[in-house]
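Notes for the structure review
So you can see what is in the structure, the chains are spelled out below.
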Amino acid sequence: MVELDFSLVDLEYLLLILVRIASFVFVAPFFGQKGVPAPAKIGLSFFVALILHPLVPHPTLDYVSEIGYGIAVLKEAITGLLIGFAANICSSIVVFAGNIIDMDIGLSMATTFNQDMSLQTTVTGNLYYYFIFAFMIVSNTHLYVIRAVVDSFYVVPLGGAVFEWDGLLVSMTKYMTDLFVIGFRIFLPFFATMMIVNCILGIMAKVAPQMNMFSVGIQLKILVGFIVLFFTIFMFPSVADMVFDEIKTMVVLIIEGMY
């Protein structure tokens, strides 16, 4: 005979765990995509919270009224959102790189709507964005982000989040720096190739001024850009590694800013 002992106190802890997990899942990369049905997100959140309930520490909740408990729930929601946001924003690195690549090769006006980021992205940016999620599944990085929010219960206890805004600001500053560094590293082969193409077009404009280099250059840049894209696509696993390392760094920095 199996006896289950589940009191009102256990329900309070389960609700706090569920709020942090659900807030994380709804903004985390891969899990928080708009293509994932909301019932699947809710079911995953509840299932993970139910498993974690007997495993994570249950500190004493210091509240005296419903308002106090509501504040604790709000803190857990913010904690989950910040952890998920820290992992999710790193995917914008490849979108930024794709946007400046298309701006250089002449495809900046050919944009598509990215429903996950709710903004217009260029063709290469969208391509890189979904490549990142494909590599995330292959490398099991999506399991790492789940493990990160699970481990956060041991670092930031339930109802014990203390938001160090200076630390969170430092982590965002580091992310902005890494965004430009990694983005321009991805863009560098295209930049070097387009620089050579522009020099060639400049020389041809002097040698044969009767030719319309503007119309020739548009087609030539797109063709050369596709060739460079084809020959650099084998480097994308290294790009994915840089992005995944940035995800791990940002999640750690954000969690450190909450205790």
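Below: a short report on this structure. Because the structure is predicted, anything quoted here is derived from the model rather than measured.

Side note on the overall build of the protein chain
In terms of regular secondary structure, the protein chain is built from 9 helices and 2 strands. Along the chain direction, N to C, the helices and strands of the protein chain fall in the order α-α-α-α-β-β-α-α-α-α-α. Referenced to the eigenvectors of the C-alpha coordinate spread, the extents of the protein chain come out at roughly 90 × 40 × 30 Å. When the 259 residues of the protein chain are sorted by exposure, 42% land in the buried category. For the protein chain, the proportion of contacts with a sequence separation of at least 24, taken over those separated by at least 6, is 82%. When the accessible surface of the protein chain is totalled, it reaches about 14000 Å², and 72% of it is carbon and sulfur. Here the protein chain contributes 10 positive and 18 negative side-chain charges, whose respective centroids are spaced 15 Å apart.

Section: the packing of aromatic side chains
Scanning all chains against the criterion turns up 13 aromatic pairs. Ring centres of F135 and F236 lie 5.8 Å apart, and the angle between their planes is 35 degrees; on these two criteria the pair is classed as tilted. Here F135, found in helix α5 (residues 123–138), pairs with F236, found in helix α9 (residues 236–256); they are 101 residues apart in sequence, far enough to count as distant. With a centroid separation of 5.3 Å and 80 degrees between ring planes, the pair formed by F230 and F231 is classed as edge-to-face. Both residues of the pair, F230 and F231, count as exposed. The rings of F96, F180, F184, F187 and F191 are connected pair by pair, giving a single aromatic cluster. In this structure, R20 is placed above the aromatic ring of F153, and the distance from its NZ or CZ to the ring centre is 4.3 Å. Here K248 stacks its cationic end above the ring of Y144, 5.4 Å away from the centre of that ring.

The rules behind the values
- Residues numbered from 1 in each chain as written.
- Predicted model: local features only at pLDDT ≥ 70, side-chain atom pairs only at ≥ 80, totals over all residues.
- Heavy atoms only, no water.
- Helix = DSSP H or I, 4+ residues; strand = E, 2+ residues; numbered from the N terminus.
- Buried < 20%, exposed > 50% of the residue type's maximum accessible area, 1.4 Å probe, protein only.
- Contact = heavy atoms within 4.5 Å.
- Areas by Shrake-Rupley, 256 points an atom, 1.4 Å probe, with all protein chains shown as cover.
- Lys, Arg positive; Asp, Glu negative; His and termini not counted.
- Charge placed at Lys NZ, Arg CZ, Asp CG, Glu CD.
- Phe/Tyr/Trp six-rings, centres within 6.5 Å; stacked < 30°, edge-to-face > 60°.
- Lys NZ or Arg CZ within 6 Å of the ring centre and 35° of its normal.

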